[in-house]
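# Fold and geometry: a report
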Amino acid sequence: MRTVEELIELANTHLGTALAPADAAAELTELAEWDSVHLLRLVALLEHELGRPVPVDAVLQARSLRDIWAVAVGA
């Protein structure tokens, strides 16, 4: 996964969301269809895609999809 847009595509494909690239910087609390279940499912998807654990504690502190992406890729 090279971009936050790929993370959004992954979420849309597997979580049934309709996120747009412009949503990357939005606060997670501002995303109408986002909830904690989506977050946990996204962590599992990321771990599967990346083939390694993703630090859940850091993801839980993320405020946006861009933050989640940065944690996932180790930025």
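Predicted model, so just to flag it, every value in this text is computed and none were measured.

## A closer look at the nonpolar core
L7, W34, L42, L46, L65 and I68 are the most contacted members of the largest nonpolar core, which totals 24 residues. It is helix α1 (residues 4–15) that contributes the most residues to this core, 6 residues altogether. Setting aside residues no more than four positions away along its own chain, W34 makes contact with L15, L19, L28, L39, L42 and L65.

## Some words on a nonpolar patch on the surface
Together, L40, V56 and L60 give the surface a local cluster of nonpolar side chains, amounting to about 270 Å² of exposed area. Among the secondary structure elements, L40 is positioned in helix α2 (residues 36–50). Among the residues examined, L40 registers a relative accessible area of 52% and is labelled exposed.

## Topic: the UniProt feature "domain: Carrier" (unreviewed entry) in the chain
In the numbering used here, UniProt assigns the feature "domain: Carrier" (unreviewed entry) to residues 7–68. As a span, residues 7–68 carries 55% helix and 0% strand, and end to end its C-alpha atoms are 9 Å apart.

## A look at α1
Given 3.6 residues per helical turn, the α-helix brings residues three or four places apart onto the same face. Over its 12 residues, α1 extends 16 Å from the first C-alpha to the last, a length consistent with the 16 Å expected when each residue adds 1.5 Å. When we look at burial in α1, the residues that qualify are V4, L7, I8, L10, A11 and L15. Take α1 and look down its axis: the buried residues cluster within an arc of 160°, on one side only. In this structure, α1 carries E9 and T13 as exposed residues pointing more than 90 degrees from its buried face. If you follow the buried residues of α1, they end up packed against α2 and α4 (65–73).

## Side note on the pattern of salt bridges
Taken as a whole, this structure holds 2 salt bridges when the rule is applied. When the shortest N-O distance is used, the salt bridge between E6 and R2 registers 3.6 Å. The exposure class of E6 is partly exposed, given its relative accessible area of 27%. Judged by its relative accessible area of 69%, R2 is exposed. For R63, the salt bridge identified is with E27, shortest N-O distance 3.1 Å. Taken together, the residues R63 in the loop between α3 (56–61) and α4 and E27 in the loop between α1 and α2 connect sequence positions 36 residues apart. The class of E27 is partly exposed, set by a relative accessible area of 27%.

How each quantity is defined
Residues numbered from 1 in each chain as written. Predicted model: local features only at pLDDT ≥ 70, side-chain atom pairs only at ≥ 80, totals over all residues. Heavy atoms only, no water. Core = buried A, V, L, I, M, F, W, Y, C linked by side-chain atoms within 4.5 Å. Buried < 20%, exposed > 50% of the residue type's maximum accessible area, 1.4 Å probe, protein only. Helix = DSSP H or I, 4+ residues; strand = E, 2+ residues; numbered from the N terminus. Contact = heavy atoms within 4.5 Å. Patch = residues over 30% accessible without salt bridge, like charges linked within 9 Å, V, L, I, M, F, W, Y side chains within 5 Å. Areas by Shrake-Rupley, 256 points an atom, 1.4 Å probe, with all protein chains shown as cover. Salt bridge = Lys/Arg side-chain N within 4 Å of Asp/Glu carboxyl O. UniProt positions renumbered as here; feature names shortened; annotations may be inferred. Expected span 1.5 Å × (residues − 1). Arc of directions from axis to C-beta.

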